[in-house]
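Spelled out, the chains give:
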Amino acid sequence: MNSVLRNAVRNPRILGLLSAIVVIGVIFSANNPSFISTRNILGMVRSMSSMGLMALGLTLVIIVGELDLSIGSIYGFAAMLTGTIWVDGVHIVPALLVGIAAGLVIGFLNAALSNWVGIPSFIVTLGMMTVVYGLSLLISGAEGINPKYADPPADPGQLSVFRALGETRLGWNIPIQVIWLIGAAIVFWVLLHRTLFGFRLAAMGSNPVAARAARLPVTRYKFIVFTLGGGMAALAGMLDFSFLGATDPSSGQSLLFPVFAAVIVGGATLTGGKATIVGTVVGALLLAVLNNGLSIIGVGAFAKEIFIGGATIAAVALDRFTSLKRSKAGQA
Amino acid sequence: MTATVAAPPSTKGFSAAAQGLRLELRNLRKAYGHTQALAGLTLTLIGGEFLGVAGPNGAGKSTLVRMISGEGKPDSGEMKLGGEDWRPASGESRVPVVHQEAMLFPDLTVAENLLAGRTGNGLARRPSPGAAHYEVLDRLGIARFGDHLLGDCSLVVRQLTEIARALAHGEQAQIFLFDEPNSALTEEESAELFAQMRALCEDGNIVILVSHRLNELVHSADRVIVVRDGGVGAELMGDSLTEERLAREMVVGKTGKVRGAGNRISSQAEAGPSAFALNMRDWRHRDGSFEVDEFGVFEGEIVALVGVEGSGGRELVRSLAGLEEVRGAKKISDRSVTYLPADRGESLFSDFSVGQSLLARLGRGVIAGRWGLLKVRKMEQFAARYREEFLVQAASLDQPIGDLSGGNQQKVAIASALAERPGILALEEPTRGVDVGSKAEIYRILREFAEGGGAVVAFCTELSEVFELARRAVVVSHGRITGALDVAELPDVGSLAEAVAGLSGGYVREQEEPHE
């Protein structure tokens, strides 16, 4: 193993999360054996896929020391925009491209406002979250879209192409969304841990002042991560739209918390510099296990929220305790 | 005005309180980790005295201030005030401290600042300043600013407010500590501040001024002590209190005595005339931090820009790397300028390992190939090579950079900058907070770089560093280059100090934290 890049992989946090997943899994299985069934596990991974895709994009934003609160709204807006123009008669392929482009453009706008105007990204994307949600409501008239039953209904050929993106089942009954997630995770892992781009993102987030002194391309890289983050949110929205066959303007609004939670539980710090793709994926998995398991053992939707919120705080609290010792030793 | 506000202070009160005022420090010792900041310091002060404190970095100046103000406790030794044992607590009312950067409340008015820290009467009552407080402001000549928000006032007003606050806070204030109070003030503002300090003395108080501006110490203080190696190294007063004497005392006993191993700069001296690595004309900062008619650096040369904080030297170094807004003409030989800030908090990436830190500035073609993919094995080889070449002592390349000692961190920082293979290295205070052994190694690394044809421009505040490192010293004062010295010609640090003092109007070095 390469010693310069090693610490990205040999991470006590990830081992801890994996053991937590195993322990929780055992408890749930003891309560209800169907938790451990292949069918349930595949379903669980599928259901976390859109959250996972968004979390991958957000990981890059967070490691460079920025935030993006608008991704939930982008998810909903991209799907809604695609659906709306498709139903209006645009062919599905350009409609999909327009939806993805919308996500990229909103991400670019976030970057422009925070880099060129100098507004902190928290505020830019907080505003953008609401602006984009408003756009979704506006173009949809606050109504959901189901292309199959629209008036006139979507072209069946186009519909099957569209549904194939998110609904297909592959060999061993594996949902295609699982493959999307695994593929994206591999791409992002290479991007963050094996390219100059990722190496420098970590440097920039670790110390923006030093990054500027070393003349790393800080502004350009921030544009890339925000734009990419917007694109990933749009892709996630599109795939869920495809899987469900329908979308509504407020979809995605409830995703913001789990996406952030996945990245944070995965070991990223909001101040930047520290995040790993494996951590993010495992963090998303932990949240999915909790979500799914709590449903299966019948805790109820309301109590479930309490558990998931609490688990997020607990994971970070645990990290504080372990990293406090290290940072004390590290002061020179 | 509420009943809770302190009784109005009066001039008479001070004199009375100061009767027989006498502060004795005996054998004070204080260690921070392995660093003995104070090693048996003994000092006696009497009311009405204006004491100047000078000393090299890390000599114990700041620690002394902290002991007197109660911001720190001595490990051993006696402190007596008026013959009685005295243990000041932090925020001790008898010892107001005026800091370099006024530490007050910018969103309150000047007068309201005098009340901050006083409790109001009940929840709803906000204490308001009364006549007594305006009287204090009047005495300091800032009554007309009473209703201005402090944040809108100039620095001198803010600092006078800090004094006023000390006066208004109690009849008890007796010892006034000024820790580099005027480093950001203009000459007239400084004069105003010094006049007020003198007035405090005449009221029978003790005034202690810590400064790196030797001319001010000489002109204002009755007595100047040079703190050296944690004790009082020299005491100058009366006829012996001159800038030249002071400049000499400041550097005696430092590394200058050892005279950095004969080969200090010989190889540079032998190098014949070479080409300009960098040449600037009419080089001006947009906000006026510096105005330089001409400045040039030759290939193979190490030039030290010598100046205090605020002299413009730091900005000048940064401007070479294009980090400041400048007007003027710059000519650079084909190779690039790499810049390294003084503060390792601004040069290193805290979340990185030693290996990553060494490579952080490298780019495509070196550690990454097509598609920007990292060349993992090459990175490993480079990191190992730099670690060896730059004498970095680390358990492994995996070790977090923050775990290394200050000296090794600085070696990593310099290695990462030189790894870029720049033509010119522009850096600030190359060995700030670095142990003696690492210092020598860093000087060697920089000299080797210069011998290889590189040029080094270093902003320095430590004269011993200038003496060890540079062939040429360029003195920067008030944004202008006031002269240049051939360091190689000078026999010791003392003569360098005198020469620099002559060129810059009494400067020797800036103050720094005594422990690292």
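Please refer to the structure higher up on the page.
Residues numbered from 1 in each chain as written. Chains lettered and ligands numbered in written order. Predicted model: local features only at pLDDT ≥ 70, side-chain atom pairs only at ≥ 80, totals over all residues. Heavy atoms only, no water.

## Focus: the overall build of chain B
Thought 1: Secondary structure summary: chain B contains 16 helices and 19 strands in total.
Thought 2: Among the 516 residues that make up chain B, the fraction classed as buried is 56%.
Thought 3: By sequence separation, contacts in chain B at least 24 residues apart represent 71% of the contacts at least 6 residues apart.
Thought 4: Working note: accessible area of chain B is about 21000 Å², and carbon and sulfur atoms make up 48% of it. (Helix = DSSP H or I, 4+ residues; strand = E, 2+ residues; numbered from the N terminus. Buried < 20%, exposed > 50% of the residue type's maximum accessible area, 1.4 Å probe, protein only. Contact = heavy atoms within 4.5 Å. Areas by Shrake-Rupley, 256 points an atom, 1.4 Å probe, with all protein chains shown as cover.)

## A closer look at the overall build of chain A
Thought 1: For chain A, the count of helices and strands is 13 helices and 0 strands.
Thought 2: When the helices and strands of chain A are listed from N to C terminus, the series reads α-α-α-α-α-α-α-α-α-α-α-α-α.
Thought 3: In terms of C-alpha radius of gyration, chain A reaches 20 Å, essentially the compact-globule figure of 20 Å for 332 residues.
Thought 4: In terms of overall dimensions, chain A has a C-alpha envelope of 70 × 55 × 35 Å along the principal axes.
Thought 5: Here chain A, with 332 residues, has 54% of them falling under the buried criterion.
Thought 6: Look at the contacts in chain A between residues 6 or more apart in sequence, and 78% of them connect residues 24 or more apart.
Thought 7: Counting every atom, chain A has about 14500 Å² of accessible surface; 70% of that belongs to carbon and sulfur.
Thought 8: Charge centroids of chain A, computed over 20 positive and 11 negative side chains, lie 23 Å from each other. (Rg over C-alpha atoms; globule rule 2.2 N^0.38 Å. Lys, Arg positive; Asp, Glu negative; His and termini not counted. Charge placed at Lys NZ, Arg CZ, Asp CG, Glu CD.)

## Here's the deal with the nonpolar core
Residues and elements named next belong to chain B.
Thought 1: Counting 197 residues, the largest nonpolar core has Ile-163, Phe-176, Phe-178, Val-354 and Val-466 as its most contacted members.
Thought 2: In this structure Ile-163 touches Val-98, Leu-140, Phe-176, Phe-178, Leu-193 and Leu-200, once residues within four positions along its chain are discounted.
Thought 3: Of all hydrophobic cores here, the second largest spans 27 residues; its members include Leu-28, Leu-38, Leu-45 and Leu-177. (Core = buried A, V, L, I, M, F, W, Y, C linked by side-chain atoms within 4.5 Å.)

## Overview of the pairing of strand β10 (residues 231-237) of chain B
All names here are of chain B.
Thought 1: Sheet topology places strand β9 (residues 223-228) next to β10; 6 bridges connect them, and they run antiparallel. Residue pairing in the sheet places Val-227 in a bridge with Val-232 of β10.
Thought 2: In textbook terms, the turn of a hairpin is the stretch between consecutive antiparallel strands, and for β9 and β10 this stretch comprises 2 residues, one of which, Asp-229, has a positive phi near 50 degrees. (Pairing = 2+ DSSP bridges.)

## Some words on the side chain of Glu66(A)
Residues and elements named next belong to chain A.
Thought 1: In this fold, Glu-66 is placed in the loop between α2 (38-63) and α3 (71-87).
Thought 2: A polar contact is formed between the side chain of Glu-66 and the side chain of Ser-121, at a distance of 2.6 Å.
Thought 3: Side chain to side chain, Glu-66 and Lys-222 meet in a polar contact 2.8 Å long.
Thought 4: Each residue touching Glu-66, except ones within four places of it in the same chain, is listed here: Val-61, Ser-121, Lys-222 and Phe-226. (Polar contact = N/O pair within 3.5 Å; in protein donor to acceptor, adjacent residues only side chain to side chain.)

## Some remarks on the pairing of strand β4 (residues 76-81) of chain B
Residues and elements named next belong to chain B.
Thought 1: Where strand β1 (residues 22-32) meets β4, 5 bridges bridge the pair, whose relative direction is antiparallel. What sits directly across from Arg-26, in β4, is Glu-78.
Thought 2: Relative to strand β5 (residues 84-85), β4 runs antiparallel, the two being bridged by 2 bridges. Looking at β5, one finds that Lys-80 is bridged to Asp-85.

## Regarding the interface of chain B and chain A
Thought 1: Residue-level contacts link 41 residues of chain B with 33 residues of chain A.
Thought 2: In this structure, the connection of chain B to chain A is made through 0 salt bridges.
Thought 3: Run the count over chain B and chain A and you get 8 residue pairs in polar contact (both at pLDDT 80 or more).
Thought 4: Contributing elements (two or more residues each) for the side of chain B that touches chain A: β15 (337-340), α11 (354-359) and α12 (376-389) of chain B.
Thought 5: Per-element accounting of the side of chain B that touches chain A gives the leading share, 5 residues, to α12(B).
Thought 6: Class assignment for the residues of the side of chain B that touches chain A results in 21 nonpolar, 11 polar and 9 charged. (Salt bridge = Lys/Arg side-chain N within 4 Å of Asp/Glu carboxyl O. Nonpolar A, V, L, I, M, F, W, Y, C, P; charged D, E, K, R; others polar.)

## Looking at the environment of Glu66(A)
Thought 1: A relative accessible area of 12% means that Glu66(A) is categorised as buried.
Thought 2: The spatial distance from the C-alpha of Glu66(A) to the C-alpha of Gly272(A) is 7.1 Å, given a sequence separation of 206 residues.

## Description of the packing of helix α7 (residues 176-194) of chain A against helix α8 (residues 196-206) of chain A
Residues and elements named next belong to chain A.
Thought 1: In the contact formed by α7 and α8, the axes pass within 5 Å of each other and the chain directions differ by 60 degrees. Here α7 contributes Leu-191, Leu-192 and Arg-194 to the contact with α8, which in turn contributes Leu-196, Phe-197, Gly-198 and Phe-199.
Thought 2: Classifying every residue of the contact of α7 with α8 gives 5 nonpolar, 1 polar and 1 charged. (Axes fitted to C-alpha atoms, helices over the stretch in contact; angles between N-to-C directions.)

## As for the pattern of salt bridges
All names here are of chain B.
Thought 1: Within the structure shown, the criterion is met by 23 salt bridges over all chains.
Thought 2: A salt bridge links Arg-198 to Asp-222; the shortest N-O distance between them is 3.2 Å. Of this pair, Arg-198 sits in helix α6 (residues 187-202) while Asp-222 sits in the loop between α7 (214-220) and β9, placing them 24 residues apart in sequence.
Thought 3: You can call Asp-222 partly exposed: its relative accessible area is 32%.

## Points about the packing of aromatic side chains
Thought 1: Across all of its chains, the model carries 11 aromatic pairs over all chains by this definition.
Thought 2: When the ring of Phe28(A) is compared with that of Phe35(A), the centres are 5.4 Å apart and the planes differ by 55 degrees; the resulting orientation is tilted. Residue Phe28(A) shares its accessibility class with Phe35(A), and that shared class is buried.
Thought 3: Measuring from centroid to centroid gives 5.6 Å for Phe349(B) and Phe352(B), while their planes differ by 50 degrees, and the two rings are tilted. Accessibility assignment for this pair places Phe349(B) and Phe352(B) in one class, buried.
Thought 4: Through a chain of ring-to-ring contacts, the aromatic side chains of Trp86(A), Phe162(A) and Phe241(A) assemble into a single cluster. (Phe/Tyr/Trp six-rings, centres within 6.5 Å; stacked < 30°, edge-to-face > 60°.)

## Things to note about the sheet that holds strand β3 (residues 50-54) of chain B
Residue and element names in this part refer to chain B.
Thought 1: On the basis of which strands lie adjacent, the open sheet formed by 6 strands has the order β6-β7-β8-β3-β9-β10 and mixed pairing. A strand with exactly one partner marks an edge of an open sheet, and here the two such strands are β6 (97-98) and β10.
Thought 2: Across 4 bridges, β3 lies against strand β8 (residues 206-210) in parallel orientation. Its bridge partner being in β8, Leu-51 is matched across the sheet by Ile-208.
Thought 3: Sitting on the sheet, helix α2 (residues 61-69) touches β3, β6, β7 (175-179), β8 and β9, and the angle it makes with β7 is about 150 degrees.

## With respect to unusual backbone geometry
Thought 1: For Asn27(B), which is not a glycine, the phi torsion comes out positive at approximately 55 degrees.
Thought 2: On the secondary structure map, Asn27(B) appears in strand β1.

## Structural notes on the environment of Pro491(B)
Thought 1: Along the chain, Pro491(B) turns up in the loop between β19 (480-486) and α16 (493-504).
Thought 2: As for Pro491(B) and Arg29(B), which are separated by 462 residues in sequence, their C-alpha atoms are 35 Å apart.

## A short note on the sheet that holds strand β13 (residues 302-306) of chain B
All names here are of chain B.
Thought 1: Here 6 strands make up an open sheet; going across it, the order is β15-β16-β17-β13-β18-β19 and the pairing mixed. In the strand order of this sheet, the two ends are held by β15 and β19, each with one partner. For this sheet, the mean inter-axis angle between neighbouring strands, taken without regard to orientation, is 20 degrees.
Thought 2: Pairing between strand β18 (residues 472-477) and β19: 6 bridges, direction antiparallel.

## Some words on helix α4 (residues 131-139) of chain B
All names here are of chain B.
Thought 1: Turning to α4, its buried residues are Ala-132, His-133, Val-136 and Leu-137. Looking down the long axis of α4, one finds its buried residues gathered within 145 degrees of arc, a one-sided arrangement. In this structure, α4 carries Ala-131 and Asp-138 as exposed residues pointing more than 90 degrees from its buried face.
Thought 2: Those residues of α4 hidden inside the fold are in contact with α3 (110-115) and α5 (155-168). (Arc of directions from axis to C-beta.)

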